[in-house]
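If you want the building blocks of each chain, they are given just below.
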Amino acid sequence: MSAASCLLTEDQFLCSICLDVFTDPVLIPCGHNFCKACITEHWNINVPYQCPNCKEVFNTRPELQVNTFISEMAAQFRQSAQQKASSSSSEQQAAKPGEVPCDVCTGTKLKALKYCLVCLDSYCETHLEPHLTRSGLKRHQLIDPVENLEDRMCMNHDKLLELFCKTDQMCVCMLCTVLYHKNHDVVPLKEEYEGKKAELGKTDAEIQQMIHKRRLKIQEIKHSVELSEEDADREIADGVQVFTALKVSVERSQVELIDTIKEKQKKTEKQAEGFIKELEQEISELKKRSTEVEQLSRSEDHLHLLQSFRTLNTAPPTKDWTGVRVSPPSYEGTVVRAVNQLEETLSKQMKVFEAELKRVQQSAVDVTLDPDTAYPKLILSDDGKQVKHGDVKKNLPDNPERFDTCPIVLAKQSFSSGRFYYEVQVKEKTKWDLGVVRESINRKGSIRATPQNGYWTIMLRNENEYVACADPSVLLSLKSQPEKVGVFVDYEEGLVSFHDVDAAAFIYSFTGCCFTEKIYPYFGLCLNDGGKNSAPLIISPVNHTE
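Let us look at the structure shown here. (Residues numbered from 1 in each chain as written. Predicted model: local features only at pLDDT ≥ 70, side-chain atom pairs only at ≥ 80, totals over all residues. Heavy atoms only, no water.)

Brief notes about the overall build of the protein
Link 1 in the chain: For the protein, the count of helices and strands is nine helices and 23 strands.
Link 2 in the chain: A compact globule built from 546 residues would reach a C-alpha radius of gyration of about 24 Å, whereas the protein, at 54 Å, exceeds it by more than 25%.
Link 3 in the chain: When the backbone C-alpha atoms are referred to their principal axes, the protein occupies close to 185 × 85 × 55 Å.
Link 4 in the chain: A buried classification covers 32% of the 546 residues belonging to the protein.
Link 5 in the chain: When contacts within the protein are restricted to residue pairs at least 6 apart in sequence, long-range pairs at least 24 apart make up 56% of them.
Link 6 in the chain: With the model as given, the accessible surface of the protein reaches about 35100 Å², and the carbon-plus-sulfur share is 52%. (Helix = DSSP H or I, 4+ residues; strand = E, 2+ residues; numbered from the N terminus. Rg over C-alpha atoms; globule rule 2.2 N^0.38 Å. Buried < 20%, exposed > 50% of the residue type's maximum accessible area, 1.4 Å probe, protein only. Contact = heavy atoms within 4.5 Å. Areas by Shrake-Rupley, 256 points an atom, 1.4 Å probe, with all protein chains shown as cover.)

This is the structure in structure tokens:
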């Protein structure tokens, strides 16, 4: 019997009703075992007669007889468990300072594992056994051991705080409900505990959701950083390539310039050397004649002097050096020509502005004009892509969004994050304004377009004067007149840049902008100027540079 019981587990000796080791186990017709008292009470309450485990229904109440075999094995298992508990209790350590001792132990007080709210005692592992095995004690409420029981007692009545007043939101005892909390909404402490525990569960779920969202945001930020690093590496590589090409071209142009100047100098030196050599030859001839003349003048031979006089009296044939000059070479314009040639070479080699334009064009958005903001003399196309000055003021409602004095219109679309880009055709116009503005700008009366007032714009005046409306304004020097202007904004970076689309050339950038609200694309028509400036502004579709 002992050997067989060792092969069985504790679950096989537990009644599924009381969850305790079998007491007087009985076998019902379906084959399941229960404590006799447990199944009897179950059938006294529940009709028809049904097995609590398999739910099989019996037409008549089965007769119950104790299963002696299971009973003996359960008794043996209970005895073995008690011996094991006794053995383990001997191995327990005495309660240390700060730990709650067992109230039942005599002599050495062992560490308490649980506190019973009914018995009002703390129990070590050994003395806790009855509360875990006896059906009557199993209904007692056990909690973790507490050192200061006074905290759980009513200060007024010295009774256990076992109720909760929902009206006053406080724990009370039974006497409190009669004396101080009469007609209040009072519930058992356990009920309120379950409710608050459910609320804590809900709160914890919300906190976990917040943690989850923040972890996702961390992943999003990390991913953005990774993308930024990739962009930075790519930009660095492109920049190194461009500046390496620049360096090579500049060094080559410098060498060519020096070679050109040295070649001119060598040519001058060679010419001078030729003149000097020729002069030295003539000097040599003249010295030879001078020696002959001197010798002849000392001669005492009358006949010889007279015969040689005609030949030696005249100088040997020489060159007329009066007009001969060695002029230094002219270097005027040499450096300028070299720089112009370098610029031409760089223009062919470098595609940096085209690359930049291609990059910003990836942020293209669809922009349409907002008629509710348009100055009353402006005429907008049906598709909201074109606007021109009509000279005749229309009778329109003066809503807060509308410009009432200046020929301006904004886009319907607003932006409060990210990047965006759009292009505007300005061909044949002699005056215009383009850029972006913040939502809260003044739209009534005269306007001063500066970043401080919420305007980041450039403008054309007098057909060829391009100005960035900074504070102070900046006069722009452009090689060609743009016919199509691209506007790019990076909200987080605080950047507004303008580009000549057809020439793939950079025009101007506002940097370090502080955007704190929505910003809108901005279109200024200016007056018609007697028909000279009657051409429309046209929002063009963006053709991505290949």
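Next comes the rest of the description.
Focus: the environment of Ser122
Link 1 in the chain: Tracing the backbone through its elements, the reader meets Ser122 in strand E6 (residues 121-123).
Link 2 in the chain: A residue is classified by how much of its surface remains accessible, and Ser122, at 2% relative accessible area, is buried.
Link 3 in the chain: For Ser122 and Ala112, which are 10 residues apart along the polypeptide, the C-alpha to C-alpha distance reads 5.8 Å.
Link 4 in the chain: The residues touching Ser122, leaving out its near neighbours within four places in the chain, are Val100, Pro101, Cys102, Asp103, Val104, Ala112, Lys114 and Tyr115.

Considering the nonpolar core
Note on soluble globular proteins: their nonpolar side chains tend to be buried together.
Link 1 in the chain: Grouped together as the largest cluster of nonpolar side chains are 39 residues, with contacts concentrated most on Trp432, Val496, Phe510, Phe523 and Leu537.
Link 2 in the chain: Those residues within four positions of Leu537 in sequence are excluded, and the remaining contacts are Lys385, Gln386, Val387, Val424, Gln425, Val426, Lys429, Trp432, Leu434, Phe523, Gly524 and Leu525. (Core = buried A, V, L, I, M, F, W, Y, C linked by side-chain atoms within 4.5 Å.)

Points about a nonpolar patch on the surface
Link 1 in the chain: On the surface, Leu175, Val178, Leu179 and Tyr180 cluster together into a nonpolar patch covering about 410 Å² of accessible area.
Link 2 in the chain: Here Leu179 is to be found in helix H5 (residues 174-179). (Patch = residues over 30% accessible without salt bridge, like charges linked within 9 Å, V, L, I, M, F, W, Y side chains within 5 Å. Salt bridge = Lys/Arg side-chain N within 4 Å of Asp/Glu carboxyl O.)

Some remarks on the packing of aromatic side chains
Link 1 in the chain: Using the criterion set out here, one finds 11 aromatic pairs in the structure.
Link 2 in the chain: Each ring, one from Phe275 and one from Trp321, has its centre 6.0 Å from the other, and the planes form 85°; the classification is edge-to-face. Of this pair, Phe275 sits in helix H6 (residues 189-297) while Trp321 sits in the loop between helix H7 (302-312) and helix H8 (334-349), and the two are 46 residues apart along the sequence.
Link 3 in the chain: Looking at Phe275, the relative accessible area reads 18%, which means it is buried.
Link 4 in the chain: The exposure class assigned to Trp321 is buried, which follows from its relative accessible area of 18%.
Link 5 in the chain: The ring of Trp321 is capped by Lys319, whose NZ or CZ atom sits 4.8 Å from the centre of that ring. (Phe/Tyr/Trp six-rings, centres within 6.5 Å; stacked < 30°, edge-to-face > 60°. Lys NZ or Arg CZ within 6 Å of the ring centre and 35° of its normal.)

Looking at the pairing of strand E16 (residues 455-461)
Link 1 in the chain: Counting buried residues along E16, six of its seven residues qualify, which places the element largely inside the surrounding structure.
Link 2 in the chain: Where strand E15 (residues 432-438) and E16 come together, six bridges link them in antiparallel fashion. The partner of Leu434 across the bridge, within E16, is Ile458.
Link 3 in the chain: Adjacent in sequence and paired antiparallel, E16 and strand E17 (residues 465-468) are bridged by three residues, among which Asn462 carries a positive phi angle near 55°. (Pairing = 2+ DSSP bridges.)

Description of the environment of Ala503
Link 1 in the chain: For Ala503, the position within the fold is in the loop between strand E20 (495-500) and strand E21 (505-510).
Link 2 in the chain: For Ala503, a relative accessible area of 43% puts it in the partly exposed group.
Link 3 in the chain: Residues Ala503 and Glu300 lie 203 residues apart in sequence; the distance between their C-alpha atoms is 95 Å.

Brief notes about the pattern of salt bridges
Should the charged atoms of two oppositely charged side chains come close, the side chains can pair.
Link 1 in the chain: Tallied over the full model, the rule gives 12 salt bridges.
Link 2 in the chain: Linking Lys217 and Glu220 is a salt bridge whose minimum nitrogen-to-oxygen distance equals 3.2 Å. A residue pair is termed a helical-turn pair when its members lie 3 or 4 positions apart in one helix, as Lys217 and Glu220 do in helix H6 at three residues.
Link 3 in the chain: Overall, the relative accessible area of 43% leaves Lys217 in the partly exposed class.
Link 4 in the chain: A salt bridge links Glu294 to Arg298; the shortest N-O distance between them is 2.3 Å.
Link 5 in the chain: Given a relative accessible area of 39%, Glu294 falls into the partly exposed group.

Points about the pairing of strand E19 (residues 484-490)
Link 1 in the chain: Within E19, seven of the seven residues are buried, which leaves it mostly tucked inside the rest of the structure.
Link 2 in the chain: Here E19 shows a buried face lined by Lys484, Gly486, Phe488 and Asp490 and a second buried face lined by Val485, Val487 and Val489.
Link 3 in the chain: Summarising the sheet, E19 and E20 pair through six bridges and their orientation is antiparallel. Directly across from Phe488, in E20, lies its bridge partner Ser497.

A look at the environment of Met153
Link 1 in the chain: Turning to its location among the elements, Met153 is positioned in the loop between strand E7 (142-143) and strand E8 (163-165).
Link 2 in the chain: When the C-alpha atoms of Met153 and Asn442 are compared, they prove to be 69 Å apart, with 289 residues separating the residues in sequence.
Link 3 in the chain: Those residues in contact with Met153 that sit more than four places away from it in its chain are Asp158, Lys159, Leu160 and Leu161.

Here we look at the state of the cysteines
Link 1 in the chain: Inspection of the entire model under this criterion finds zero disulfides.
Link 2 in the chain: Free of any disulfide, Cys30 has its nearest neighbouring cysteine sulfur in Cys51, separated by 3.5 Å. (Disulfide = S-S within 2.5 Å.)

A word on a negative patch on the surface
Link 1 in the chain: Together, Glu226, Glu229, Glu230 and Asp233 give the surface a local cluster of negative charge.
Link 2 in the chain: Structurally, Glu226 is set in helix H6. (Lys, Arg positive; Asp, Glu negative; His and termini not counted. Charge placed at Lys NZ, Arg CZ, Asp CG, Glu CD.)

A closer look at the side chain of Arg443
Link 1 in the chain: Tracing the chain through its elements places Arg443 in the loop between E15 and E16.
Link 2 in the chain: With no salt bridge to any partner, buried Arg443 finds its closest opposite charge in Glu439, at an N-O distance of 5.8 Å.
Link 3 in the chain: Leave out the neighbours within four places in its chain, and Arg443 touches Thr373, Pro400, Glu401, Arg402, Phe403, Asp404 and Leu410.

Structural notes on the sheet that holds strand E14 (residues 419-425)
Link 1 in the chain: Taken in spatial order, the seven strands line up as E11-E12-E23-E14-E19-E20-E21 in an open sheet, and their pairing is antiparallel. For this open sheet the edge positions go to strand E11 (378-380) and E21, each flanked by a neighbour on one side alone. Adjacent strand axes in the sheet meet at a mean angle of 20° when their direction is disregarded.
Link 2 in the chain: As paired elements, strand E12 (residues 386-389) and strand E23 (residues 537-540) share two bridges and run antiparallel to each other. Counterpart to Val387 in the pairing with E23 is Leu537. (Axes fitted to C-alpha atoms, helices over the stretch in contact; angles between N-to-C directions.)

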